[in-house]
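What follows is each chain in one-letter form.
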Amino acid sequence: MRRRINPLATAIVLAAALPAPSASATVAPATYVLARAGELTITAPVAMSLGSGPPGSQRSAQMGTVTVTDRRDPGSGAWTATVSSTNYTRTAAPVVTIGRANMSYWSGPASAIQGGGTFIPGQPTAASRVTLAAPRTAFSHTAVAGVNNASWNPTLVLSIPFSGATAGTYTGVVTHSVA
């Protein structure tokens, strides 16, 4: 999934020394809009497969590279990448759902970084993995403003329930966003 956050424009009011207005004239300040030079974007793999497994098992796979690129110079310097998930549904009859709480995520360390500041993985190790029952921080950047980017290769782990799951293909969506 790719989500683009367009930077907001910053309004600047310029005032100039003007001669005193006549009684019939009104003076309004001049305004100028200074746009940020660049955008904050995130890219992630479009599709992946966890393979198959029997009820009660776990399926694990690396998702592929996720990259945040911050070209907001001068930018705020800080950003947070968030990951969320839908439920996983078997659409063939009978329709069956595996809840998103059964999907876990860990970002792992950065595979590449560029620029200053501090880059912080949301879950640096497998032991720190979290369920995607709710949106989670995948990665973040703090401190230094300016152009920067970070890439990581997160791991997804699906716990297939013992009961309620039937054979078939289940589909869901994992979304990464940045702000």
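Structure first, text after, so check above.
Residues numbered from 1 in each chain as written. Predicted model: local features only at pLDDT ≥ 70, side-chain atom pairs only at ≥ 80, totals over all residues. Heavy atoms only, no water.

## A short note on the sheet that holds strand β7 (residues 79-85)
And then number 1: Taken in spatial order, the four strands make up an open sheet running β12-β14-β7-β18, and their pairing is antiparallel. Because the sheet does not close on itself, it has two edges, and the strands there are β12 (118-121) and β18 (174-178). Neighbour-to-neighbour, the strand axes of this sheet turn through a mean angle of 15 degrees, independent of strand direction.
And then number 2: With five bridges connecting them, β7 and strand β14 (residues 136-142) associate as antiparallel partners. Along β14, the bridge assignment pairs threonine 82 with threonine 137. (Pairing = 2+ DSSP bridges. Helix = DSSP H or I, 4+ residues; strand = E, 2+ residues; numbered from the N terminus. Axes fitted to C-alpha atoms, helices over the stretch in contact; angles between N-to-C directions.)

## A short note on the packing of aromatic side chains
And then number 1: Taken as a whole and assessed by the stated rule, the structure comprises two aromatic pairs.
And then number 2: Seen in terms of ring centroids, phenylalanine 139 and tryptophan 152 are 4.6 Å apart; in terms of plane orientation they differ by 15 degrees. Their pairing is stacked. Of this pair, phenylalanine 139 sits in strand β14 while tryptophan 152 sits in strand β15 (residues 148-152), and the two are 13 residues apart along the sequence. (Phe/Tyr/Trp six-rings, centres within 6.5 Å; stacked < 30°, edge-to-face > 60°.)

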